[in-house]
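Listed here are the chains, written in short residue letters.
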Amino acid sequence: MLDNMRTVQQLIDTEQSEDLVATVLKALYGRPPCYAWTTAAHSDTIVELTVRLPDGTEICWEKGSESVKVTLKG
């Protein structure tokens, strides 16, 4: 799971496209998880991404952050 988190953080930090991020999320988590992102003003650059896994766990990444927020459910 940590490797998956690092991969997603790298995508955000290197300003990859929303389509690529969505494709990678699907590949990492088996099926498309629920996710939402916030982009920078007047840009497609993702600055925050939140993913909700099927078990209810939420993972939140922020561009340039060295930490990832994980909220366990259940």
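As a starting point, this report considers the structure included with it. Sequence positions are assigned chain by chain, starting from 1 and proceeding in written order. Reporting of local features is limited, given that this is a predicted model, to residues whose pLDDT is at least 70; pairs of side-chain atoms are given and counted only at 80 or more, and all residues count toward the totals for whole chains, interfaces and linings. Calculated side-chain values reflect all of the structure's heavy atoms, with hydrogen atoms and water omitted.

**Some remarks on the nonpolar core**
Then comes step 1: To define a nonpolar core, start from buried Ala, Val, Leu, Ile, Met, Phe, Trp, Tyr and Cys residues and group those joined through side-chain atoms within 4.5 Å. When a residue's accessible area, from a 1.4 Å probe over protein chains only, is under 20% of the maximum for its type it is buried; when over 50% it is exposed; and in between it is partly exposed. Grouped together as the largest cluster of nonpolar side chains are 14 residues, with contacts concentrated most on L25, L49 and W61.
Then comes step 2: Within the residue set of this core, elements represented by two or more residues are α1 (2–13), α2 (18–29), β2 (46–52) and β3 (58–62). Strands are runs of DSSP state E lasting at least two residues, helices are runs of H or I lasting at least four, and both sets are numbered from the N terminus onward.

**Things to note about the sheet that holds β3**
Then comes step 1: For two strands to be treated as a pair, DSSP must find at least two bridges joining them. The sheet built from four strands is open, its strands ordered β1-β2-β3-β4 with antiparallel pairing. Pairing within the sheet leaves two strands with one partner each, and these edge strands are β1 (34–39) and β4 (69–71). Averaged over all pairs of adjacent strands, the angle between strand axes in this sheet comes to 10°, irrespective of strand direction.
Then comes step 2: Where β1 lies against β2, six bridges are found, and the strand directions are antiparallel. Bridge pairing in β2 links C34 to R52.
Then comes step 3: Sitting on the sheet, α1 is in contact with β2, β3 and β4, with an inclination near 35° to β3.
Then comes step 4: Sheet strands touched by α2: β1, β2 and β3. Its angle to β1, the strand with the most contacts, is close to 150°. All axes are obtained by fitting lines to C-alpha atoms, using only the stretch in contact for helices, and the reported angles, taken between N-to-C directions, cover 0 to 180 degrees. We call two residues in contact whenever any of their non-hydrogen atoms come within 4.5 Å of each other.

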